[in-house]
Amino acid sequence: MALQYFTYPFKTMGISQSYTGSYSHEKYSTGNRKDYPIDEAGSDTGRDYMYAPVDLVVEKIYGRGSSRQPNTVWLQTKNKVITPIGVCYVCGRATHMSDADIRNLKVGHVFKAGAKMFREYVDGGATGNHIHMTWGTGKYKSPGWKANNKGAYVLITTGSNKKPEQIFFRDKAFTKKVRSTQGLDFKTKPSKKTMYVSTGKSRLNVRKSYSTTSAVVGKLKNGTKVTVYCTRGNWCCIGANMWVHKKYLKAK
Ligand SMILES: [Zn+2]
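The rules behind each value
- Residues numbered from 1 in each chain as written.
- Predicted model: local features only at pLDDT ≥ 70, side-chain atom pairs only at ≥ 80, totals over all residues.
- Heavy atoms only, no water.
- Helix = DSSP H or I, 4+ residues; strand = E, 2+ residues; numbered from the N terminus.
- Buried < 20%, exposed > 50% of the residue type's maximum accessible area, 1.4 Å probe, protein only.
- Core = buried A, V, L, I, M, F, W, Y, C linked by side-chain atoms within 4.5 Å.
- Contact = heavy atoms within 4.5 Å.
- Pairing = 2+ DSSP bridges.
- Donors = N, O, S within 2.8 Å, 3.2 Å for Na, K, Ca; no water.

Under an unreviewed UniProt entry, the name given to the protein is SH3 domain-containing protein, and the organism recorded is Anaerovorax odorimutans.

Next up, the structure:
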């Protein structure tokens, strides 16, 4: 099964507040239990769509029909995906879309990769149209959020909360415009490369992560063809929890 890259879900990047933002996000990113939300306001003051970068499963819907409770949708990747920090499940929540945009949405629905999901809005009392979103590794864990010591409802998953630039690549063919980043630097989505194991008579250790202290999960013979999905330092990711050192791969 080909792995999907987890890429930024808006066509125009217009981040209006980073996770360090003093306007409303500090209490999330500096509390005891943290998450790293960003506000995405798209191309202008209008209402851009948030797209599914990969197949995403709807895990929970909160606030629909209430003007006080901000509409929130929890989304989890259907499969493990490629992120800048490796291959894993990703789970997050998006907030402030309108009732109308999620009127018929059901828990269990799968947004296929590339599908329009919902648009920015102000549901729950936001000051301008945007989507507040926050992400982590792992799968959905009920009830999806929990108040931290500063009273902010931070994401909970079976994994851990991550900064958006650790979770998303930017696909320049999709997110063509960058209006504002608030200082966040997203890696460009890499292209897959076919490589061959080059170890002579010995076999190449495949490790669970990008370190020689990480567990060996398999061995590959000289000449084996592999797909390199992304790299991290000197390490190449060739599948879910499968990393090899780049000095033992060659292009031909
Ligand atoms: Zn926000």
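## Topic: unusual backbone geometry
Between S142 and the following residue, P143, the backbone shows a cis peptide bond with an omega angle of 0°. For P143, the location among the structural elements is in strand β13 (residues 140-147). The backbone of Q182 shows a phi angle near 55°, a positive value even though the residue is not glycine. Positionally, Q182 belongs in the loop between β16 (177-180) and β17 (193-197). Take Q182: its relative accessible area is 43%, and that puts it in the partly exposed class.

## Considerations on the nonpolar core
Among the nonpolar cores identified, the biggest contains 32 residues, and F6, Y8, M50, L75, F118, M133 and W135 are the most heavily contacted of them. Going through the elements one at a time, β2 (12-17), β5 (56-62), β6 (72-77), β9 (90-95), β11 (116-119) and β12 (131-137) are the ones with two or more residues in this core. In contact with Y8, not counting residues within four places along its chain, are M13, I15, I38, E40, M133, F168, F169, F174, T175 and F186.

## A few points about the sheet that holds strand β1 (residues 4-5)
Reading across from one edge, β1-β7-β8 is the order of the 3 strands in this open sheet, with mixed pairing throughout. Both edges of this open sheet fall to β1 and β8 (86-88), since each of them pairs with a single strand only. As paired strands, strand β7 (residues 81-83) and β8 are joined by 3 bridges and run antiparallel to one another. Paired with T83 across the strands is G86, a residue of β8.

## Quick word on the coordination of the zinc ion
Ligation of the zinc ion by protein atoms is provided by H25 (NE2), D39 (OD) and H132 (ND1), these donors lying 2.0 to 2.2 Å from the ion. Here the donor residues for the zinc ion map to a single chain with the spacing H-x13-D-x92-H. In this pair, H25 sits in the loop between β2 and α1 (26-29) while D39 sits in strand β3 (residues 38-40), placing the two residues 14 residues apart along the sequence.

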